[in-house]
Amino acid sequence: ENPTPLALNSKLDFTYEVTWTQTDKKFSHRFNRYLDQDFFEHQIHWFSIFNSFMMVIFLVGLVGLILLRTLKSDYSKYSKQFDEEENIVDA
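Residues numbered from 1 in each chain as written. Predicted model: local features only at pLDDT ≥ 70, side-chain atom pairs only at ≥ 80, totals over all residues. Heavy atoms only, no water.

Student: Tell me about unusual backbone geometry, and name the residues and values.
Tutor: A positive phi angle is found at Asn9, which is not glycine, with a value near 65°. Looking at the secondary structure, you find Asn9 in the segment before helix 1 (32-35). Overall, Asn9 belongs to the exposed group, its relative accessible area being 77%. (Helix = DSSP H or I, 4+ residues; strand = E, 2+ residues; numbered from the N terminus. Buried < 20%, exposed > 50% of the residue type's maximum accessible area, 1.4 Å probe, protein only.)

Right under this line is the structure:
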């Protein structure tokens, strides 16, 4: 192989090679093994499901914590502002 240096705005030629092999299967039957029910029967990966579930719970908790902290600071700010306005009206 001889690598060619790349230049800006140059065209590249991509090539590939295919080897055809003859088979005894009819064209209409060659996809049947992928449609077979046994092909789709796989072992359930319970650890991956549990790990994904725990990640979702963690992220929901994190977003909830951020939302609660933001709402708490907003509520205290508006409450303080409301108390100041009430004190001005009472005076």
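Student: Give me the lowdown on the packing of aromatic side chains, citing residues and values where you can.
Tutor: The full count for this structure, using the stated rule, is zero aromatic pairs. Over the aromatic face of Tyr78 sits the side chain of Lys77, whose NZ or CZ is 5.4 Å from the ring centroid. (Phe/Tyr/Trp six-rings, centres within 6.5 Å; stacked < 30°, edge-to-face > 60°. Lys NZ or Arg CZ within 6 Å of the ring centre and 35° of its normal.)

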